[in-house]
Amino acid sequence: MRKWALPSVLLLLVLLSTLPDQGRKIHANAEESDGDELVDPPKVEEKIGAVPSGLSTDSDVAKREAESISRKSLRNNAEKFEFQAEVSRLMDIIINSLYSNKDIFLRELISNASDALDKIRFLSLTDKEILGEGDNTKLEIMIKLDKENKVLSIRDRGIGMTKEDLIKNLGTIAKSGTSAFVEKMQTGGDLNLIGQFGVGFYSVYLVADYVEVISKHNDDKQYVWESKADGAFAISEDTWNEPLGRGTEIRLHLRDEAKEYLDESKLKELVKKYSEFINFPIYLWASKEVDVEVPADEDESSEEEETTEATSSEEEETEEDGEKKPKVKTAKETTYEWELLNDVKAIWLRSPKEVTDEEYTKFYQSLAKDFSDGKPLAWSHFTAEGDVEFKAVLFVPPKAPHDLYESYYNSNKSNLKLYVRRVFISDEFDELLPKYLSFLMGLVDSDTLPLNVSREMLQQHSSLKTIKKKLIRKALDMIRKIAEEDPDESSNKDSSESEEVADQTDEKKGSYAKFWNEFGKSIKLGIIEDAQNRNRLAKLLRFESSKSEGKLTSLDQYISRMRPGQKDIFYITGTNKEQLEKSPFLEKLTKKNYEVIFFTDPVDEYLMQYLMDYEDKKFQNVSKEGLNIGKDSKGKELKETFKELTKWWKDALSAENVDSVKISNRLDNTPCVVVTSKYGWSANMEKIMQSQTLSDASKQAYMRGKRVLEINPRHPIIKELRERIAANPQDESIKQTARLMYQTALMESGFLLNDPKDFAERIYSSVKASLDISPDATAEEEDDIEETEAEEKESASADKEADEEDSSSLKDEL
């Protein structure tokens, strides 16, 4: 027994020592009992042209690939790991909470590749040898398709990952715990996990059912991470793929419903949209058709087929010595080459002093997809520092979109693109700029925001308020600068400044007028909506006035022309300038040389409800009560003189809802006008509100304000009325005249008549009286023709015309 004891013990120890390895690692071949079919993984295409060695292949590599296992099951010799998070909750977060569309996966992978390249570039600043030599020194991102095997590969020459990195970085969700991650999202906490390897990387399972990550770090061997998102992933040393040298290659085995991502044009579109401004070049292994010359008689049997596929041109050329060249034809041949996808430079990363006007124009055209000859009216390129750091470029387009104001309050359209570390996030952020500045084009690139894949979550980030505040200030400064550089805006400056303006080029002449004509309504909407920046916006306001001579003027220019002692800024609203210039409300103001602003845009009525004052000057609507243009020396005397008339007239208009009749200080040649109370609607506002599709007249009555009839005590009609009332206040004809004058004043003041028929009858009665026609005279009655006789005549006439038409058409045919 002792003879066999020692060998038995040794054998037992050997078996025990091999058990742990066998528990973790098994031979590369799958067990025969495995139900999955063994399919070779997709092979990398053979090296064509300038294909980097990391993506090339040879017979040895092909042989090693042939020994790999099915993509349907993890390699049996790999070390297995279990996700801590439940897969169902993990996928629910990815699909329902983080990603609004599947396209986002490519953005995440390119962003990760860019981060890896950034890291190796940073390390190379202190250690140049870390980049290695040859192709490894090229910091680039390469995308390749294998349509036959439905594989999309993305390769970078970044820092790569060690075995520990693969476990840690690709297990972010498992490491942090799904429950904790969900809790962070619900409480609006810091979501910096999003966009890094981990949550962002797992977006690949929206389009792939099996993923391989092949990575090589300078400090470790080459490893393969693989998973089907079924609760487990595996890592094994890579002995069958071609050595990468350094970096990471991600292979996505696409689902059947994700075949669209095997289309080159689709990938180009996604890279242009999301990753156009990544710092590193992004290449796509793209097909290209080229023309090649082949002998005409090389393959006669397939001549018919080739002519349908390619245009062939057979030529018989003669050399200088007279010898004939063989006949050749041109055929199409498909070749593959690396195509650069991101050739537009991120100019916002450069200093504004280094960027030329031509570069800004080209960048604007690329951003706005506008390749016309029109240049942007202005641009602002700046860097914001502080709690939130970001770079931004804003442009004022040369022309407003045709639908800019059609659905102003119902759309969330924005022309501002948000980037985080040069990765496109979204262009649907209505929180970055207010609606009234939505016409601006541009982009914002922040390094401090989390690289969030969800627009809804990022909109709640506290930094957005700070970014918005700075963007508004810069946008308004940019618009103000357009006015400052416009020679037409400098007409009120002194002669020396005018000479300097005259020396400027005509390029900026009239530029602010052009801006105002396109986007002026946006500035007015800004005054209504943005109380914090109301004064800044008011400086940008432009309008015509009684002294502007058909040109646009500003509030600052108006104030500079105000009369000594003038405390109010006078304005009037209406349909058009020509109508307002003839308004009776302006008679005394014009006579005393006061300037009045003309507001003719419907939005101006709303605007002036918010713009109460400017530079300590109050706004006064000259068609409302409270107009103060100096005291009349005979004011009290006139008021007492016409006291009886005003009281009588108010009683005569009791049915017209007139609040009072007063002596006017604004009339010169007009006998009377109708004004409204200071805080009620003007006549123009009443028209606007009544024209609304869903307006309710019963609910608008309280805003109409009290109507006041103001009379001109110096007008002969008013004087004559006073005398007649004094003689016989019960004279019915005088009452009719008083009502007619009120209705006329109401119409001339811009109001709509409640009873146009009654007004017309009073006018006709007045005409009769002037023509000495009896008030009882009526129109003569027309002689009635019997209905049957008239019908017979009409029928006979119609038959005759029909016969003539038939005869004429018959002649034409003959």
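In this text, all values refer to a predicted model and were calculated from it rather than measured experimentally.

### Things to note about the overall build of the protein chain
Consideration 1: Counting its secondary structure elements, the protein chain contains 27 helices and 22 strands.
Consideration 2: Put simply, the protein chain has 814 residues, and 45% of those count as buried.
Consideration 3: Of the contacts made within the protein chain by residues no fewer than 6 positions apart, 73% connect residues no fewer than 24 positions apart.
Consideration 4: In the structure as shown, the protein chain presents an accessible area of about 45,400 Å², 47% of it carried by carbon and sulfur atoms.

### Overview of the nonpolar core
Consideration 1: Core analysis: the biggest nonpolar cluster contains 77 residues, and Val 396, Leu 471 and Phe 515 have the highest contact counts within it.
Consideration 2: Here this core takes 10 residues from helix α12 (residues 463-484), the largest share from any one element.

### A short note on the sheet that holds strand β16 (residues 568-573)
Strand pairing in a sheet relies on backbone hydrogen bonds. The paired strands run either parallel or antiparallel.
Consideration 1: The strand order across the open sheet formed by 5 strands is β15-β17-β16-β19-β18, and the pairing between neighbours is mixed. On the outer flanks of this sheet lie β15 (544-545) and β18 (613-614), each paired with one strand and no other.
Consideration 2: Where β16 lies against strand β17 (residues 596-599), 4 bridges are found, and the strand directions are parallel. Each bridged residue has a counterpart across the sheet, and for Thr 573 the counterpart in β17 is Phe 599.

### Remarks on the sheet that holds strand β22 (residues 707-711)
Consideration 1: Across the sheet, 3 strands lie side by side as β20-β22-β21; this open sheet has mixed pairing. Each edge of the open sheet carries a strand with a single partner, namely β20 (658-663) and β21 (672-676). Strand-to-strand twist in this sheet, taken as the mean axis angle between neighbours without regard to direction, amounts to 25 degrees.
Consideration 2: Where β20 meets β22, 5 bridges bridge the pair, whose relative direction is parallel. Counted as the bridge partner of Lys 662 is Glu 710 from β22.

### A closer look at the pairing of β21
In summary, the side chains of a regular strand alternate between the two faces of the sheet.
Consideration 1: The element β21 is extensively covered by neighbouring structure, given that 5 of its 5 residues are classed as buried.
Consideration 2: Burial along β21 is two-sided: the residues Cys 672, Val 674 and Thr 676 and Val 673 and Val 675 are all buried.
Consideration 3: Sheet analysis places β21 next to β22, joined by 5 bridges and oriented antiparallel. Its bridge partner being in β22, Thr 676 is matched across the sheet by Arg 707.

### Quick look at the environment of Arg 542
Consideration 1: Here Arg 542 lies in the loop between α15 (534-539) and β15.
Consideration 2: With a relative accessible area of 6%, Arg 542 lands in the buried category.
Consideration 3: Residues Arg 542 and Lys 524 lie 18 residues apart in sequence; the distance between their C-alpha atoms is 9.6 Å.
Consideration 4: Setting aside residues up to four positions removed in sequence, Arg 542 forms contacts with Ala 483, Glu 489, Tyr 512, Trp 516, Leu 552, Thr 553 and Ser 554.
Consideration 5: Within the structure, the side chain of Arg 542 is placed 3.0 Å from the backbone oxygen of Lys 539, a separation counted as a polar contact.

### A look at the packing of aromatic side chains
Consideration 1: On inspection of all chains with the given rule, the structure shows 18 aromatic pairs.
Consideration 2: Plain terms: the ring middles of Tyr 364 and Phe 395 are 5.4 Å apart, the flat faces sit at 50 degrees to each other, and that makes the pair tilted. Taken together, the residues Tyr 364 in helix α10 (residues 357-368) and Phe 395 in strand β11 (residues 390-396) connect sequence positions 31 residues apart. Residue Tyr 364 shares its accessibility class with Phe 395, and that shared class is buried.

### Looking at helix α22 (residues 683-690)
Consideration 1: Counting buried positions along α22 yields 6 of 8 residues, so the element is predominantly enclosed.
Consideration 2: Along α22, the residues classified as buried are Ala 683, Asn 684, Met 685, Glu 686, Ile 688 and Met 689.

### A word on the side chain of Ser 380
Consideration 1: Summarising the element assignment, Ser 380 is placed in strand β10 (residues 378-384).
Consideration 2: Relative accessible area serves as the criterion here: at 12%, Ser 380 is assigned to the buried category.
Consideration 3: Setting aside anything within four residues of it in sequence, one finds Ser 380 in contact with Ala 392, Val 393, Leu 394, Lys 474 and Met 478.

### Regarding a nonpolar patch on the surface
Consideration 1: A grouping of Phe 122, Leu 123 and Leu 125 is seen on the molecular surface, where their side chains present a nonpolar patch of about 330 Å² in accessible area.
Consideration 2: Within the secondary structure layout, Leu 123 lies in helix α4 (residues 104-124).
Consideration 3: Among the residues examined, Leu 123 registers a relative accessible area of 32% and is labelled partly exposed.

### Quick look at the packing of helix α14 (residues 511-529) against helix α19 (residues 602-610)
Consideration 1: Two numbers describe how α14 lies on α19: the axes approach to 8 Å, and their chain directions differ by 35 degrees. For the element pair α14 and α19, the recorded crossing hand is left-handed. Between α14 and α19, the contacting residues are Lys 521, Lys 524, Leu 525, Ile 527 and Ile 528 on the first element and Val 603, Asp 604, Tyr 606, Leu 607 and Tyr 610 on the second.
Consideration 2: Partitioned by chemical class, the residues of the contact of α14 with α19 number 7 nonpolar, no polar and 3 charged.

### Digging into the confidence of the model for the protein chain
Consideration 1: Residues with a pLDDT of 70 or more make up 71% of the protein chain, whose mean pLDDT is 76.
Consideration 2: Confidence scores differ between elements of the protein chain, with helix α6 (residues 172-176) showing the lowest mean pLDDT of 43 and β17 the highest of 96.
Consideration 3: Segment residues 61-71: pLDDT under 50, and 35 contacts once partners within four positions in sequence are set aside and those in other chains are kept.
Consideration 4: Of the regions scoring below 50 in pLDDT, residues 188-198 engages in 34 contacts with residues more than four places distant in sequence or in other chains.

### Some thoughts on the pairing of β10
Consideration 1: The element β10 is extensively covered by neighbouring structure, given that 5 of its 7 residues are classed as buried.
Consideration 2: As judged from the 7 bridges shared by β10 and β11, these two strands associate in the antiparallel manner. Counted as the bridge partner of Ala 384 is Phe 390 from β11.
Consideration 3: Between β10 and β11, which pair antiparallel one after the other, the connecting turn spans 5 residues, and Gly 386 there sits at a positive phi close to 130 degrees.

### Some details on the environment of Leu 170
Consideration 1: Position of Leu 170 among the secondary structure elements: in the loop between α5 (163-169) and α6.
Consideration 2: C-alpha of Leu 170 to C-alpha of Phe 201: the two residues are 31 residues apart in sequence and 7.5 Å apart in space.

### Some remarks on the pattern of salt bridges
A side chain of one charge can pair with a side chain of the opposite charge when the charged atoms of the two come close.
Consideration 1: Enumeration over the complete set of coordinates arrives at 30 salt bridges.
Consideration 2: The salt bridge partner of Arg 350 is Glu 359, with a shortest N-O separation of 3.2 Å.
Consideration 3: Residue Lys 399 pairs with Glu 518 through a salt bridge whose shortest N-O separation is 3.7 Å. Taken together, the positions of Lys 399 in the loop between β11 and β12 (416-420) and Glu 518 in helix α14 put the pair 119 residues apart, joining distant regions of the chain.
Consideration 4: Under the relative-accessibility criterion, Lys 399 is labelled exposed at 58%.

### Focus: unusual backbone geometry
Residues other than glycine predominantly adopt negative phi, and peptide bonds predominantly adopt the trans conformation.
Consideration 1: If you check the backbone angles, Glu 615 has positive phi at about 50 degrees while not being a glycine.
Consideration 2: Within the secondary structure, Glu 615 is located in the loop between β18 and β19 (617-621).
Consideration 3: Backbone geometry places Asn 657, a non-glycine residue, at a positive phi of 60 degrees.
Consideration 4: For Asn 657, the location among the structural elements is in the loop between α21 (643-652) and β20.
Consideration 5: Looking at Asn 657, the relative accessible area reads 64%, which means it is exposed.

### Notes on the environment of Gly 565
Consideration 1: In this fold, Gly 565 is placed in the loop between α16 (555-560) and β16.
Consideration 2: As a C-alpha pair, Gly 565 and Gly 630 span 65 residues in sequence and 9.3 Å in three-dimensional space.

About the cut-offs
Residues numbered from 1 in each chain as written. Predicted model: local features only at pLDDT ≥ 70, side-chain atom pairs only at ≥ 80, totals over all residues. Heavy atoms only, no water. Helix = DSSP H or I, 4+ residues; strand = E, 2+ residues; numbered from the N terminus. Buried < 20%, exposed > 50% of the residue type's maximum accessible area, 1.4 Å probe, protein only. Contact = heavy atoms within 4.5 Å. Areas by Shrake-Rupley, 256 points an atom, 1.4 Å probe, with all protein chains shown as cover. Core = buried A, V, L, I, M, F, W, Y, C linked by side-chain atoms within 4.5 Å. Pairing = 2+ DSSP bridges. Axes fitted to C-alpha atoms, helices over the stretch in contact; angles between N-to-C directions. Polar contact = N/O pair within 3.5 Å; in protein donor to acceptor, adjacent residues only side chain to side chain. Phe/Tyr/Trp six-rings, centres within 6.5 Å; stacked < 30°, edge-to-face > 60°. Patch = residues over 30% accessible without salt bridge, like charges linked within 9 Å, V, L, I, M, F, W, Y side chains within 5 Å. Salt bridge = Lys/Arg side-chain N within 4 Å of Asp/Glu carboxyl O. Left-handed = near helix turned anticlockwise from the far one by under 90°. Nonpolar A, V, L, I, M, F, W, Y, C, P; charged D, E, K, R; others polar. pLDDT = per-residue confidence, 0-100.

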